[in-house]
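Residue-level structural notes
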Amino acid sequence: MKKVQQGFTLIELMIVVAIIGILAAVAIPNYQNYTKKAKFTEVTQATQALKTAVEVCAQDIGTITGCSGGSNGIPADIASDVSPYVASLATANGVITATAKTANGLNGETYTLTPVFDADKGISWTTGGTCKTNSPPICK
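A brief structural summary.

Thresholds, definitions, all that
Residues numbered from 1 in each chain as written. Predicted model: local features only at pLDDT ≥ 70, side-chain atom pairs only at ≥ 80, totals over all residues. Heavy atoms only, no water. Helix = DSSP H or I, 4+ residues; strand = E, 2+ residues; numbered from the N terminus. Expected span 1.5 Å × (residues − 1). Contact = heavy atoms within 4.5 Å. Pairing = 2+ DSSP bridges. Disulfide = S-S within 2.5 Å.

A word on helix α1 (residues 10–45). End to end, α1 covers 52 Å across 36 residues, agreeing with the expected 52 Å (1.5 Å per residue, within 8%). Considering only its buried residues, α1 is in contact with α2 (48–61), β1 (86–92), β2 (95–100), β3 (110–118) and α3 (130–133).

This paragraph deals with the pairing of strand β4 (residues 122–128). Here seven bridges tie β3 to β4, and the two strands are oriented antiparallel to one another. Counted as the bridge partner of Thr114 is Thr126 from β4.

Turning to the state of the cysteines, a few remarks are in order. In this structure the tally under the stated criterion is two disulfides. Here Cys57 pairs with Cys67 through a disulfide, and the sulfurs are 2.1 Å apart. One disulfide, between Cys57 and Cys67, carries an S-S torsion of -95 degrees and so falls in the left-handed class. Linking Cys57 in helix α2 with Cys67 in the loop between α2 and β1, this pair joins segments that are 10 residues apart in sequence.

Here is the structure:
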């Protein structure tokens, strides 16, 4: 009568541990980048009200020059503690700049929205800032 094997051999256990180690080495950096992008979404979303205000200002005065924080219906610049992830928000001649805090996995990255005004077509926006030059980028 043949004896039934019970349990795993040492080599089988070592293979499982090696596979788990490889998966963890790939997954942890990807997860950290994912959480950083999720936190930075709050920085990009903080610019939406300013974006709308700049669009209204440009339609009212016919140019983006003069659409700065605290004038022509643009909310005043906020220099500190906007939210848990946003350090500051500023608008100068239509250009919106949001800066992330240097905490919670963020390192003070900036997010800029630069408007191009066309009286017939309205405003088109170009994104920029250090969030795009990160490796990997944390904003679009």
